[in-house]
Amino acid sequence: MSDQQGKSSTSVAGNVWNPGTAGEHRDAGDSDSTRVQPAIGEQAPAQPARPSVVSAGPRSVSRRTRKARLRLSRIDPWSVMKTSFLFSIAFGIMFWFATYVVWSVIGASGLFDAVNTILQSVLSNPNDQTQVRIEDFVNTNKVLGVAALIAVINVVLLTAIGTLTAFLYNLSANILGGLELTLAED
């Protein structure tokens, strides 16, 4: 197979090659050059390295910043739901772990013993010698259970609110046109 001028031929693998002189290099912008595409399993021909110009002084050519104005006209509610679900799961795990750490620090600081002493002095009765302990009412398992319940409720609420927000944005973007963004290249 050859082109109109008869300068290009086809190799066995169906790739187009240009039979130029040895050592001749043509840019892709030349009108009569043909791009070489190696067959499967072959290496592409090595391109000669182009020398780079290094200037010792400050650049004389100022670089212009390219800017693009874009409009965010629609947000996919399904992707918002997936993303908000994953973020709320991560937030729930962090909340539960933070609750455990704070509760352990409070327990190690001796706060519960101080509260038990205050409760004993306030609620003491000479006829009743039972001790009141705060740990009987509020313990680690109960606190972590409540934290897990709050985390699950948070996951459901944040996912629903994020998805609903995407639907509301799409409705308002249809009327108002959406958010306009200006992106600049550094």
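Residues numbered from 1 in each chain as written. Predicted model: local features only at pLDDT ≥ 70, side-chain atom pairs only at ≥ 80, totals over all residues. Heavy atoms only, no water.

**Q** Provide a residue-level description of the overall build of the chain, including the pertinent values.
**A** Summing up its helical and strand segments, the chain has three helices and four strands in all. Shown N-terminal to C-terminal, the secondary structure of the chain runs as helices and strands in the order β-β-β-α-α-α-β. A burial count over the chain gives 13% of its 186 residues as buried. Contacts in the chain between residues far apart in sequence, at least 24 positions, make up 60% of those at least 6 positions apart. Accessible surface for the chain amounts to roughly 15,300 Å². Of this, 62% is attributable to carbon and sulfur atoms. (Helix = DSSP H or I, 4+ residues; strand = E, 2+ residues; numbered from the N terminus. Buried < 20%, exposed > 50% of the residue type's maximum accessible area, 1.4 Å probe, protein only. Contact = heavy atoms within 4.5 Å. Areas by Shrake-Rupley, 256 points an atom, 1.4 Å probe, with all protein chains shown as cover.)

**Q** So what about the environment of A90? Which residues, and what values?
**A** You can see A90 is positioned in helix 1 (residues 77-109). On the basis of relative accessible area, A90 is assigned to the partly exposed category, the value being 35%. In the structure, A90 is positioned 65 residues away from V155 in sequence and 9.2 Å away in space, judged by C-alpha atoms.

**Q** Requested: an account of the pattern of salt bridges, with residues and values cited.
**A** Evaluated as defined, the whole model comprises three salt bridges. Across the pair E180 and R69 runs a salt bridge whose closest N-O atoms are separated by 2.3 Å. Of the two residues, E180 is situated in strand 4 (residues 179-184) and R69 in strand 3 (residues 67-72); the sequence distance between them amounts to 111 residues. Under the relative-accessibility criterion, E180 is labelled exposed at 52%. Classification of R69 by relative accessible area gives exposed; the value is 63%. Residue R74 is joined to D76 by a salt bridge in which the shortest nitrogen-to-oxygen separation is 4.0 Å. According to the relative accessible area criterion, R74 is exposed, its value standing at 54%. D76 sits in the partly exposed class, given a relative accessible area of 34%. (Salt bridge = Lys/Arg side-chain N within 4 Å of Asp/Glu carboxyl O.)

**Q** I'd like a rundown of the confidence of the model for the chain, residues and numbers included.
**A** Any region with low pLDDT has predicted coordinates that should not be read closely. Averaged over every residue, the pLDDT of the chain is 77; the share at 70 or more is 67%. Here residues 1-33 is a poorly scored stretch, pLDDT under 50, and it has 39 contacts once near neighbours within four places are set aside; other chains count. (pLDDT = per-residue confidence, 0-100.)

**Q** Hey, could you go over a nonpolar patch on the surface for me, with residue numbers and the actual values?
**A** On the surface, L70, L72, L179, L181 and L183 cluster together into a nonpolar patch covering about 420 Å² of accessible area. Going through the elements one at a time, strand 3 and strand 4 are the ones with two or more residues in the nonpolar patch. When residues of the nonpolar patch are assigned to their parent elements, the largest contribution, three residues, is made by strand 4. Looking at the element boundaries, L183 is found in strand 4. What makes L183 partly exposed here is its relative accessible area of 45%. (Patch = residues over 30% accessible without salt bridge, like charges linked within 9 Å, V, L, I, M, F, W, Y side chains within 5 Å.)

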